[in-house]
Amino acid sequence: MCGIVGFVGSGNAKEKIIDGLKRLEYRGYDSAGIALPIDGKIEIRKHVGEIKNLEKIIGEAEFDSSIGIGHTRWATHGAPSDVNSHPHGNMDSSIAIVHNGIIENYQEIKEWLIKEYGIVFKSETDSEVIAHLIGIFYDGDLLAAVNKAVEEMRGAYAVCAIAADEPDKMVAVRKDAPLVAGIGKGFNFIASDIPALLKYVRQVYLIENNETVVLTKDDIVIYNENGDKVKRDVFNVTWDADAAEKEGYDHFMLKEIHEQPKGISETLLRRLEEDGSVNLDGISMTKEDIESFNKVYIVACGTAYHAGLVGKLVIEKMARVPVEVDIASEFRYRDPFVDENTLFIAISQSGETLDTLAALREAKRKGARVLSVVNVVGSSVARESDDVFYTWAGPEIAVASTKAYTTQLICMYLIGLYMGSTKGTIDKEYYNKVLDELKALPGKVEAILDKEPEIEALAKKYHRKEQVFYIGRGLDSGVSYEGSLKLKEISYINSFAIAAGELKHGTIALMEPDTLVFALATQDFLYEKMVSNVEEIRARGARIIGVSKEGKTEIEKVCDEVFYIPQCIDEVSPVLAVIPLQIFAYYVAKERNCNIDKPKNLAKSVTVE
Ligand code: F6R
């Protein structure tokens with residue numbers, strides 16, 4: 001995690017770096033810092049907390065330069081503090097670096113630097129070793145010193161370095177952590193992600209793994225790991241920086257909840273032809289490929305993993321192929337059964353989640369065909385996949401994922417429909433029925449959003465609960481996990497999701513009078529069974545909020561409250577059922593005065609293992 005920004009041009013580096021860092025706070029926000037070469041020395045200012053804290057201490061006019069690097073941090077090694085913040089400098093303040101990632105062998109390097117060079121470390125971070133390594137290798141050539149330092153480092157990193165003796169140059173290097181170079185006229189940028197640069201440039205180079213970049217104000221030169229110059233195509237950014245603004249909403253999360261109808265429509269429209277067929281433009285999977293798959297793995301983390309739980313049931317039903325869903329950090333270490341007849345689906349909003357990327361590489365190494373479902377165009381997961389199914393959610397800024405999840409679900413349906421119709425495991429009538437239901441979803445999500453005050457009232461009533469359960473069966477069980485994650489990550493309430501039928505095998509012991517339970521009952525064929533499960537917990541005195549389809553009112557008898565979603569076929573109900581759960585989590589967190597868009601200990605893009 002962490003966000004990096006570097007600028008080289010003429011004047012005002014400070015302002016541009018701060019602008020960029022603000023756009024990268026989703027990558028971490030527990031401290032921020034900036035380093036500028038001034039009068040033959042590198043001056044560093046850094047401060048724990050959000051970027052506004054840093055801004056307060058860098059106001060002075062004399063603290064500016066035409067080149068500089070900045071960082072917003074998500075702590076891995078060493079607690080959030082001024083001293084552990086980046087940038088880090090070497091002993092005589094002639095070198096400074098910013099780093100995103102983890103240096104796995106930093107202890108070893110640190111001991112060596114202390115023993116051989118008498119280096120005195122200021123911080124508890126792994127990153128500080130990089131500044132000292134470059135410092136000891138530096139003899140007037142920053143590129144050469146960075147290359148030598150990299151030879152010593154193991155782990156994942158995007159690093160950007162500056163040297164006081166070469167105040168016209170930045171050197172950056174990438175291994176398993178994202179990096180883009182922004183192309184300006186008379187200035188250039190380096191950053192962890194495109195939004196950091198969009199105010200100033202629309203053209204970027206996407207830096208690949210193991211590449212090093214040298215940036216001056218007029219030039220960007222990319223080298224591969226053998227030290228050869230690389231020619232890279234320019235990537236034109238077509239989306240707008242304004243899409244990343246709050247537009248009058250109190251929080252990005254609420255804005256993004258409200259953007260779901262649009263995201264769902266866009267994701268559908270990009271992939272649907274007028275005749276209703278799923279268009280696979282840019283996807284090279286053939287009919288033969290699809291028929292050859294005897295197994296599908298869906299691998300992801302967090303909310304994206306929860307989209308996979310729904311995807312499993314949908315693809316199994318439509319394409320009649322066994323689907324396993326796995327958490328990316330588990331998949332890569334368990335020697336999974338993967339071969340050339342395996343379809344591996346990676347789901348990731350950011351496309352930079354290191355666990356997902358590593359799982360994808362492992363699957364590829366074993367011969368799987370890799371299809372990714374990704375929101376960020378040009379991200380690492382997208383680039384390393386054989387095929388990409390983009391979600392068109394637009395930039396998601398709030399740490400808690402909402403619109404990415406619902407658009408990921410849409411991709412699951414489209415993949416299921418495509419595979420099923422190609423294999424002949426679903427007929428035209430069923431295909432058209434699901435398609436009509438998908439097309440109706442944006443309007444139905446709007447209808448739920450219109451009932452926001454109803455959910456807000458529930459949040460006001462129940463926001464003091466310290467424990468909340470989410471239960472459901474079938475597709476509702478997957479949605480329960482997502483509802484529970486939303487609540488815990490932004491309100492810090494201890495929430496727990498479980499398949500409703502599994503409750504009685506242990507977890508029901510936790511039911512107390514007044515325990516709050518969300519009971520999802522949107523699956524018609526499981527409705528009666530679900531009502532029975534609710535009876536079981538009601539008998540223990542729990543308070544129950546049911547989520548059911550309009551017209552299915554029997555559940556009212558066993559619930560304290562019921563929220564109704566519009567009628568739909570069971571298959572697509574997760575897209576609707578999750579909306580009240582997102583809104584509930586949002587308003588509970590608001591009632592509890594939590595930092596909704598930037599919950600504690602979290603970051604939007606998780607590029608560490
Ligand atoms: C939760 C959330 C996280 C992410 C997870 C994977 O609201 O946002 O659980 O879903 O870190 O991130 P991506 O989708 O970027 O791979």
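See the structure above.
Our subject in this report is the structure included herewith.

The rules we used
Residues numbered from 1 in each chain as written. Predicted model: local features only at pLDDT ≥ 70, side-chain atom pairs only at ≥ 80, totals over all residues. Heavy atoms only, no water. Axes fitted to C-alpha atoms, helices over the stretch in contact; angles between N-to-C directions. Helix = DSSP H or I, 4+ residues; strand = E, 2+ residues; numbered from the N terminus. Parallel < 35°, antiparallel > 145°, perpendicular 65-115°, else oblique. Left-handed = near helix turned anticlockwise from the far one by under 90°. Contact = heavy atoms within 4.5 Å. Salt bridge = Lys/Arg side-chain N within 4 Å of Asp/Glu carboxyl O. Buried < 20%, exposed > 50% of the residue type's maximum accessible area, 1.4 Å probe, protein only. Core = buried A, V, L, I, M, F, W, Y, C linked by side-chain atoms within 4.5 Å.

**Structural notes on the packing of helix H13 (residues 403–423) against helix H14 (residues 428–450)**
(1) Moving on: Put simply, H13 and H14 touch, their axes get as near as 11 Å, and they point 165 degrees apart. The angle between H13 and H14 places the two elements in the roughly antiparallel class. Between H13 and H14 the crossing geometry is left-handed. On H14, the residues touching Ile410, Tyr413, Leu414, Leu417 and Ser421 of H13 are Tyr431, Val434, Leu435, Leu438 and Leu441.

**Brief notes about the pattern of salt bridges**
(1) Moving on: Under the defined criterion, the tally for this structure stands at 37 salt bridges.
(2) Moving on: The salt bridge involving aspartate 250 is made with lysine 590; its shortest N-O contact spans 3.0 Å. Here aspartate 250, found in the loop between strand E15 (235–236) and helix H6 (252–258), pairs with lysine 590, found in helix H18 (residues 573–591); they are 340 residues apart in sequence, far enough to count as distant.
(3) Moving on: By relative accessible area, which is 32% here, lysine 590 ends up partly exposed.
(4) Moving on: Notably, a salt bridge pairs arginine 334 with aspartate 326, separated by 2.4 Å at the nearest N-O pair.
(5) Moving on: In this structure aspartate 326 comes out as buried when scored by relative accessible area, which is 10%.
(6) Moving on: Overlapping salt bridges bring together Lys175, Asp176, Arg361 and Glu384 as one network.

**Re the nonpolar core**
(1) Moving on: Counting 95 residues, the largest nonpolar core has Ile315, Ile345, Tyr413, Met419, Leu438 and Phe584 as its most contacted members.
(2) Moving on: Here this core gets 13 residues from one element, more than from any other, and that element is H18.
(3) Moving on: Sequence-distant contacts of tyrosine 413, defined by excluding residues within four places in its chain, comprise Val310, Val314, Met318, Leu438, Glu571, Val572, Pro574 and Val575.
(4) Moving on: In this structure, Ile119, Val129, Tyr138 and Ala163 belong to the second largest nonpolar core, which totals 30 residues.

Interpretation in functional terms is not warranted from these geometric data alone.
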